[in-house]
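Reading the structure
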Amino acid sequence: MSVRWLIATALVGLIFALTWAISESVYELGSATSLEIAAVTAAAIGVPLSWWSFRGQLLDEPAEVAWVTWRRVPSTPAMSLRRPADEAALDGAFHGYKGKNSPVVVLTGPTGAGKTQLAAGYARTRMAEGWPLIAWVNCASQEEMLAGLLEFADAMSLRVPEEGSGRAVERLRQHPPTGTQPSVIVFDGVVDVEAVRPYLPTMPGWRVIVTSSAPEADSLGMEVALEPASDEELSAQSGLTERTCQELGGLPASVDLAAATVREEGIDQESYLSELASLAAGELLGDGRDGSRHEESYPPGAAEAALLALAGAGFETDPVTRRLLGLLAVLSPGGAGRALLYQAADPQDVDATVHRLVRWSLLGTRMDNDGVLLHELTRRVVIDRLRADDWLPQVIAHAADLVGRTTFGEEQAWDRRGEGDQLVAHIAALSTSAGSVSASLSPEATERVLGLRQWATRQLAAVGDGGRAVELADSIRTECETLLGPDHPDSLAASDNLVIAYVAAGRSSEGIPLAEDVLDAREQILGPEHPDTLASRYSVAYAQEYAGQLDDAVTNYDRAYTEYARLYGADNPQTLTVAAALARVRALQPASKGRHRSSQRPSPQQR
């Protein structure tokens, strides 16, 4: 309940009582008249007080905004190793800041040192104290970072249709925090320091936390370096012996895995150490020549602890466990929602497996209880294990199939833009994974991944994010032409998508010659009546329309409509789409002199 509301209610009640008492006892106006005067006076005072109270609730307690943004914060793990000294250093860095802009604290340290959990613990504490705005942005990839920032911008009502991600994120960056307390935003897992720098808030009132293992991350703000905890400290909190903690490299992540393995398997630590010593990690993870083992960057004992936990949790024996861990390993590092995981197995089996793997410290969850997270250390080990078994291509093919089931049409692009942003992030990660095993990926899987990337291009274009759409579409077109040749159907489809992206980016005139080249190639290869050829003629007209060449657009729309109606009938959905476009441009023609339409971007319905 708002403090302002309590104050306003008390004042209105007091004014009502005093007015009634004074009217009746001092002026002797009678009970009925005194009551009316008191009611009118209380109402006159109460209206502005109610607005003051309501405005205070909006500013101090934006529950919906807070819920939308904090839900990505990781939940408290099954086993949480506290770091009192690091917690004090993080809090002290904020309190000691004397600058004018928002303070930026950078948590650095090796993978598995506990940076994410330290930041998440700080965020959860601030939430428990009632701070109104907590935002969590995963930054392991550019696409995942933009998805998180755009979700935040949506929550703050700063995202406008057909303007693109750049404008929305810039509004967010310059938006002052609301409420009387600071707002917290965490950029977690930053890999590319220069990529995240432009997105750090500029307005005072934010507390910004960056977690990163990148060597130059300290240039972003005040560094709090996380050193490996002492074996004595880890032993006291985990219940493991100091010798065991030493064998695990002194990293909280590997100690978590070891403690969970000892607990879940019910074994003593001598037995655990014996298993750890007998583990041939090189044989299980490959020798690095095939791209495995991440350039031998595993800390001592860390990979072995992950392998033992995977074996104990059923990675080799339980199909659902292997399927879920593989899926999470090749998709976006920011985790996946349960709706996507439910595509991989029966939902009850998925929930039970996730719950069990959380106990094994192999998975984590988000505070909304929907997102499922895979720690970076575990993700690396799972990928290398799959590669060593020659399973990685199959996992990528399976993941591509599942992601394909969750895509949707352009008419839903804006309404489901949050889902679309996450799917674009998943597709980017899946494409990177596929590229690492391209030689052994089946043609069907390769084509499926390519199709997903084409969908991502269209999704970005449909929500007006033309700059990103052009960048992605151009890269796909270049790859297709290099590998398949310029006249291959996939190359022509990639060029067609690039035309759509140009229009979405407000660069329609650049798309016209490309659209005409695709039309000429398809007419020669497929014939004038092929559906792809008709689609190309529509694309030419579409680019001409938004470049302001309305007469040319009418000519091509009219010819496309005639062919669609002749081949498929006047009631065919595509025929109706072309008819609507033709009518739209004809309506513009009389007023077209002196007009140029290139600055206008089409809505998904017009596309």
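Above this text you will find the structure in question.
In this report, the structure presented in the accompanying data block is examined. Just so you know, these numbers come straight off a predicted model, no measurement behind them. Sequence order as written defines residue numbering, which begins from 1 separately in each chain. Since the coordinates come from a predicted model, pLDDT governs what is reported: local features require at least 70, and pairs of side-chain atoms require 80 or more to be given and counted, while whole-chain, interface and lining totals use all residues. Side-chain measures were taken over the full set of non-hydrogen atoms in the model, leaving aside hydrogen atoms and water.

Let us look at helix H22 (residues 466-484). Three or four residues apart is the spacing at which side chains of an α-helix point the same way, because the helix has 3.6 residues per turn. Secondary structure elements follow DSSP: runs of H or I no shorter than four residues count as helices, runs of E no shorter than two count as strands, and numbering proceeds from the N terminus. By this rule, a helix spans an expected 1.5 Å times one less than how many residues it contains. Over its 19 residues, H22 extends 26 Å from the first C-alpha to the last, a length consistent with the 27 Å expected when each residue adds 1.5 Å. Relative accessibility under 20% of the residue-type maximum defines a buried residue, over 50% an exposed one, and the middle range a partly exposed one, all with a 1.4 Å probe and only protein chains included. Of the positions making up H22, those classed as buried are Gly466, Arg468, Ala469, Val470, Ala473, Ile476 and Cys480. Looking at the buried positions of H22, the neighbouring elements they touch are helix H6 (142-155), helix H7 (165-173), helix H20 (417-436), helix H21 (443-462) and helix H23 (489-504). Once H22 ends, the next one or two residues include Gly485, with phi positive near 100°. Contacts are assigned to residue pairs that have any heavy atoms within 4.5 Å of one another.

Turning next to the sheet that holds strand S1 (residues 104-108). In space, the five strands of this open sheet follow the order S2-S3-S4-S1-S5, with parallel pairing throughout. Unpaired on one side and paired on the other, strand S2 (134-138) and strand S5 (222-225) mark the two borders of the sheet. Averaged over all pairs of adjacent strands, the angle between strand axes in this sheet comes to 20°, irrespective of strand direction. Two strands form a pair only when DSSP identifies at least two bridges running between them. In this sheet, strand S3 (residues 183-190) lies alongside S2 in parallel orientation, the contact comprising five bridges. Within the sheet, the bridge partner assigned to Trp136 lies in S3 and is Val186. Working convention: axes come from line fits to C-alpha atoms, limited for helices to the stretch in contact. Angles between N-to-C directions cover 0 to 180 degrees. Here helix H5 (residues 115-128) sits on the sheet and contacts S1, S2, S3 and strand S4 (206-212); the angle it forms with S4, its principal contact strand, is near 160°.

Attention shifts here to the pairing of S2. Most of S2 sits out of view: five of its five residues are buried. What you see with S2 is no split at all: Ile134, Trp136 and Asn138 on one side and Ala135 and Val137 on the other are buried throughout.

We define a nonpolar core as any set of buried Ala, Val, Leu, Ile, Met, Phe, Trp, Tyr and Cys residues linked to one another through side-chain atoms lying within 4.5 Å. If you look at the biggest cluster of nonpolar residues, it comprises 113 residues, and the most contacted ones within it are Leu363, Val381, Ile396 and Tyr557. If one sorts the elements of this core by residue count, helix H14 (residues 302-313) sits on top with nine residues. Once you skip the residues sitting within four places of it in the chain, Ile396 turns out to touch Val330, Leu430, Ser433, Ala434, Val437, Leu441 and Val449. Grouped together as the second largest cluster of nonpolar side chains are 29 residues, Ala135, Val196, Trp206 and Ala217 included.

For the rest of this paragraph, the subject is the packing of helix H15 (residues 319-330) against helix H18 (residues 376-388). Contact pair H15 / H18: the axes reach a minimum separation of 9 Å and the direction vectors enclose 110°. Classed by the angle they form, the pair H15 and H18 counts as roughly perpendicular. Where H15 abuts H18, its residues Arg322, Leu325, Gly326 and Ala329 lie against Arg379, Val382, Ile383 and Leu386. Looking at side-chain class alone, the contact of H15 with H18 contains five nonpolar, one polar and two charged residues. Oblique is the label for every angle not falling under 35 degrees (roughly parallel), over 145 degrees (roughly antiparallel), or within 65 to 115 degrees (roughly perpendicular). Gly is placed with the polar residues, together with every amino acid not listed as nonpolar (Ala, Val, Leu, Ile, Met, Phe, Trp, Tyr, Cys and Pro) or charged (Asp, Glu, Lys and Arg).

Within S4, seven of the seven residues are buried, which leaves the element mostly enclosed by the surrounding structure. Taking every second residue as pointing to the same face, both faces of S4 are buried, with Trp206, Val208, Val210 and Ser212 on one and Arg207, Ile209 and Thr211 on the other. Relative to S4, S1 runs parallel, the two sharing five bridges. Among the inter-strand pairings, Val105 is bridged to a residue of S4, identified as Ile209. Both S3 and S4 contribute to a ladder of six bridges, which runs parallel. By the bridge assignment, Ser183 is partnered in S4 with Trp206.

Closest axis-to-axis distance for the helix H25 (residues 531-546)/helix H26 (residues 550-568) pair is 8 Å, and the angle between their directions is 155°. Taken together, H25 and H26 sit at an angle that is classed as roughly antiparallel. When the axes of H25 and H26 are compared, the crossing they make is left-handed. Across the interface between the two elements, Pro531, Leu534, Ala535, Arg537, Tyr538, Val540, Ala541, Tyr542, Gln544 and Glu545 from H25 touch Leu550, Asp552, Ala553, Asn556, Tyr557, Arg559, Ala560, Glu563, Tyr564, Leu567 and Tyr568 from H26. Residue classes in the contact of H25 with H26 are distributed as 14 nonpolar, two polar and five charged. Here a crossing is taken to be left-handed if its near helix is turned anticlockwise relative to the far helix by less than a right angle, and right-handed if that turn runs clockwise.

Next up on the list: a negative patch on the surface. To count toward a patch, a residue needs a relative accessible area above 30% and no salt bridge. Like charges then connect within 9 Å, nonpolar side chains (Val, Leu, Ile, Met, Phe, Trp, Tyr) within 5 Å. Methods summary: accessible areas were calculated by the Shrake-Rupley approach with a probe of 1.4 Å, and residue burial reflects only the protein chains presented. Any Lys or Arg side-chain nitrogen found within 4 Å of a carboxyl oxygen on Asp or Glu counts as a salt bridge. The charge count includes Lys and Arg as positive and Asp and Glu as negative, but it does not include His or the ends of the chains. The atoms used to mark charge sites are NZ of Lys, CZ of Arg, CG of Asp and CD of Glu. Residues Glu516, Asp517, Asp520, Asp551 and Asp552 make up a contiguous surface patch of negative charge. Looking at the negative patch, the elements that each hand over two or more residues are helix H24 (508-525) and H26. Of note, Asp551 is situated in helix H26.

Attention now moves to the pattern of salt bridges. According to the stated counting rule, one finds 34 salt bridges in the structure shown. Close ionic contact of Asp401 with Arg405 constitutes a salt bridge, the shortest N to O distance being 2.8 Å. Residue Asp401 and its partner Arg405 are both found in helix H19 (residues 392-406); the two are separated by four residues, about one turn of the helix. Residue class for Arg405 comes out partly exposed when judged on its relative accessible area of 47%.

So, about a nonpolar patch on the surface. A grouping of Leu14, Leu18 and Ile22 is seen on the molecular surface, where their side chains present a nonpolar patch of about 270 Å² in accessible area. Considering the arrangement of structural elements, one finds Ile22 in helix H1 (residues 3-25). The exposure class of Ile22 is partly exposed, given its relative accessible area of 41%.

With that settled, the discussion passes to the packing of aromatic side chains. Note on aromatic pairs: the rings of Phe, Tyr and Trp (six-membered ring only in Trp) are paired at centre separations within 6.5 Å, and the planes decide the class, stacked below 30 degrees, edge-to-face beyond 60, tilted for the rest. Inspection of every chain in the model, using the stated rule, returns seven aromatic pairs. Between Phe152 and Trp206 the ring centres are 5.9 Å apart and the planes differ by 90°, which places this aromatic pair in the edge-to-face class. In this pair, Phe152 sits in helix H6 while Trp206 sits in strand S4, placing the two residues 54 residues apart along the sequence. Through a chain of ring-to-ring contacts, the aromatic side chains of Tyr538, Tyr542, Tyr546 and Tyr557 assemble into a single cluster.

End to end, H23 covers 23 Å across 16 residues, agreeing with the expected 22 Å (1.5 Å per residue, within 8%). Buried residues dominate H23, accounting for 13 of its 16 residues. One or two positions beyond H23, positive phi appears at Gly506, with a value near 75°.

Looking at the element boundaries, His426 is found in helix H20. Here His426 falls in the buried class, since its relative accessible area comes to 4%. Definition of a polar contact: a pair of N or O atoms within 3.5 Å, with one able to donate and the other able to accept a hydrogen when the atoms are protein atoms, and with sequence-neighbouring residues admitted only if both atoms are side-chain atoms. A distance of 3.2 Å separates a polar atom in the side chain of His426 from the backbone nitrogen of Ser332. Ignoring anything within four residues of it in the chain, the contact list for His426 reads Leu331, Ser332, Gly335, Ala336 and Leu340.

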